[in-house]
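Okay, here's what each chain looks like letter by letter:
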Amino acid sequence: MMRRTLLQRLPLLTAALAPLLRPTGARAQGGARVWLRVRNQSQEAFTHVWQGLPQQGTDVDLGPLLPGDTSRWHALPATLAHYRKTRIQIGQRQLTHVTDQSFPGGRATLAPGHYTFSYTLEGGALRLTVTAESGASGLDRQHQKQ
């Protein structure tokens with residue numbers, strides 16, 4: 001008798017728990033992801049680099065980057081809010097760069113794919129160059145194995 005009641009209520013339990021079981025962040029977006037990495041093109045060491053949206057759990061701590069270093073790849077949802085801000089610590093100061101309309105082809109957002117954000121330091125401000133990386137399909141396969 002108890003078994004039959006449980007089986008009858010299973011669809012209700014499943015429906016109630018479904019929102020709690022949905023993945024968040026990049027996985028929730030399915031294939032709509034941008035793969036990013038940050039390159040330090042300045043003459044100063046970046047003592048710490050962060051990117052992403054902390055309120056949505058997609059922020060990534062990329063650690064330090066010496067001049068000429070490039071961070072590891074990381075995936076973010078292909079929504080501007082998730083890759084719009086990069087915070088870079090140089091010595092004791094932190095600079096936050098807000099990325100708006102700095103994308104290849106004059107686009108306001110990034111299409112899903114792989115991009116390198118190269119930062120230089122000019123006059124105490126961060127300058128960004130965004131490069132779309134070719135061969136993204138091979139990189140996608142590499143990331144899926146990790």
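Residues numbered from 1 in each chain as written. Predicted model: local features only at pLDDT ≥ 70, side-chain atom pairs only at ≥ 80, totals over all residues. Heavy atoms only, no water.

Our next topic: the confidence of the model for the chain. For the chain, per-residue confidence averages 78 on the pLDDT scale, and 70% of positions sit at 70 or higher. This stretch, residues 13-29, has a pLDDT under 50; its non-local contacts, to residues over four places away or in other chains, come to 11 contacts. In this model, residues 136-146 is a region of pLDDT below 50 whose contacts with residues beyond four sequence positions or in other chains number 10 contacts. (pLDDT = per-residue confidence, 0-100. Contact = heavy atoms within 4.5 Å.)

Turning our attention to the packing of aromatic side chains. Geometrically, a pair of aromatic rings is defined through the distance of the ring centres and the angle of the planes. Taken as a whole and assessed by the stated rule, the structure comprises 1 aromatic pair. Seen from their ring centres, Tyr 83 and Phe 103 are 5.8 Å apart, and the 75° between their planes marks the pair as edge-to-face. Taken together, the residues span a long stretch of sequence, with Tyr 83 in helix α2 (residues 80-83) and Phe 103 in the loop between β6 (93-98) and β7 (113-122) at a distance of 20 residues. Taken individually, Tyr 83 and Phe 103 each receive the classification buried, so the pair is uniform in this respect. Above the face of the Trp 50 ring, Arg 87 is positioned so that its terminal group lies 4.1 Å from the ring centre. (Phe/Tyr/Trp six-rings, centres within 6.5 Å; stacked < 30°, edge-to-face > 60°. Helix = DSSP H or I, 4+ residues; strand = E, 2+ residues; numbered from the N terminus. Buried < 20%, exposed > 50% of the residue type's maximum accessible area, 1.4 Å probe, protein only. Lys NZ or Arg CZ within 6 Å of the ring centre and 35° of its normal.)

With that settled, consider the side chain of Arg 37. Topologically, Arg 37 is positioned in strand β1 (residues 33-40). Taking relative accessible area as the criterion, Arg 37 reaches 18% and is therefore assigned buried. A polar atom in the side chain of Arg 37 sits 2.8 Å from the side chain of Thr 116. In this structure, Arg 37 is in contact with Thr 70, Ser 71, Arg 72, Trp 73, His 74, Tyr 115, Thr 116, Phe 117 and Glu 133, ignoring residues within four places of it in sequence. (Polar contact = N/O pair within 3.5 Å; in protein donor to acceptor, adjacent residues only side chain to side chain.)

This brings us to the nonpolar core. Leu 36, Tyr 83, Leu 110, Phe 117 and Tyr 119 are the most contacted members of the largest nonpolar core, which has 21 residues in total. Broken down by secondary-structure element, the contributors of at least two residues to this core are β1, β2 (46-51), β3 (60-65), β5 (85-90), β7 and β8 (125-132). (Core = buried A, V, L, I, M, F, W, Y, C linked by side-chain atoms within 4.5 Å.)

As a further point, take the pattern of salt bridges. Using the criterion set out here, one finds 2 salt bridges in the structure. Glu 122 is the salt-bridge partner of Arg 127, the closest N and O atoms lying 3.7 Å from each other. (Salt bridge = Lys/Arg side-chain N within 4 Å of Asp/Glu carboxyl O.)

The sheet contact formed by β2 and β5 spans 4 bridges and is antiparallel. Considered in β5, the bridge of His 48 is made with Gln 89. Where β5 lies against β6, 6 bridges are found, and the strand directions are antiparallel. In the strand pairing of β6, Thr 86 is matched with His 97. Here β5 folds back onto β6 in antiparallel fashion, the turn holding 2 residues, of which Gly 91 has a positive phi close to 65°. (Pairing = 2+ DSSP bridges.)

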